[in-house]
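Structural overview for review
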Amino acid sequence: MTRTVVDTPFGPARAELHCAAESRAALLLGHGAGGGIEAPDLVAATRAATAAGVHVALVEQPYRVAGRRAPAPAKQLDACWLAVVEDLGVRWFEGLPLLFGGRSSGARVACRTSLDGSAVAVLCLAFPVHPPGKPDKTRLPELDGVEVPTLVVQGSRDPFGMPSSAHHREVVVLSGDHSLKADVNGVTKSVGEWLNRVLHTLDA
């Protein structure tokens, strides 16, 4: 495991790199709004990816690096994410297909930037379809806007809502809530199987 700092337009971001034995692709994962890269589902996804021959970068947004819990505005998050993608794509992952992902807020960032960042697939852990109790404030357009293969792993009792399957989009429902802590083994299994399918398509 290696840590590196990346300059962004809104301050330094940090990336924790977990290298796989193979070099089939690279997966960049972002954290939730108030949480960090140590979230159980992110750890589980990292384990699945490295086992599948995919390098992983767990990305800490500048507001978290600076010690703040309140997230930055969406445009700042997206700009910082794309700066990290560009930097790591040159320094660490040159020539590799890049997959974007994250949990909750990080999943939203991955969706919004997938086109501009040329992601070949998107992994969403606990995508927050709407704020709890406010189904009218939907974020589904962000998810619907993704044009590459997408996996959403969602807890069956997630108060942030449940997305449906769609073209390019697979939804796996696991026992638990928004944290996905109740079935981390399920996260690992689901992510690993999906990654192998995506990589098989890329290799074809």
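Everything that follows concerns the structure shown earlier in this document.
Residues numbered from 1 in each chain as written. Predicted model: local features only at pLDDT ≥ 70, side-chain atom pairs only at ≥ 80, totals over all residues. Heavy atoms only, no water.

1. Considering the nonpolar core
Nonpolar side chains in soluble globular proteins tend to end up buried together. The biggest cluster of nonpolar side chains holds 32 residues, and the ones touching the most others in it are Leu28, Leu88, Phe100, Cys124 and Phe127. Elements that contribute at least two residues to this core include exactly β2 (11-18), β3 (25-30), β4 (54-60), α3 (74-91), β5 (98-103), α4 (105-113) and β6 (121-125). By residue number, the principal contributor to this core is α3, which donates 5 residues. Not counting chain neighbours up to four residues away, the residues in contact with Leu88 comprise Thr4, Val6, Ala15, Leu17, Leu28, Ala57 and Phe93. If you look at the next biggest cluster of nonpolar residues, it comprises 30 residues, including Ala39, Ala49, Val153 and Leu199. (Core = buried A, V, L, I, M, F, W, Y, C linked by side-chain atoms within 4.5 Å. Buried < 20%, exposed > 50% of the residue type's maximum accessible area, 1.4 Å probe, protein only. Helix = DSSP H or I, 4+ residues; strand = E, 2+ residues; numbered from the N terminus. Contact = heavy atoms within 4.5 Å.)

2. Points about the sheet that holds β2
The strand order β1-β2-β4-β3-β5-β6-β7-β8 describes an open sheet built from 8 strands, whose pairing is mixed. Here the strands that pair on one side only, and so sit at the sheet edges, are β1 (2-8) and β8 (169-174). Going across the sheet, the axis of each strand differs from the next one's by a mean of 20°, ignoring polarity. Here 6 bridges tie strand β7 (residues 150-155) to β8, and the two strands are oriented parallel to one another. (Pairing = 2+ DSSP bridges. Axes fitted to C-alpha atoms, helices over the stretch in contact; angles between N-to-C directions.)

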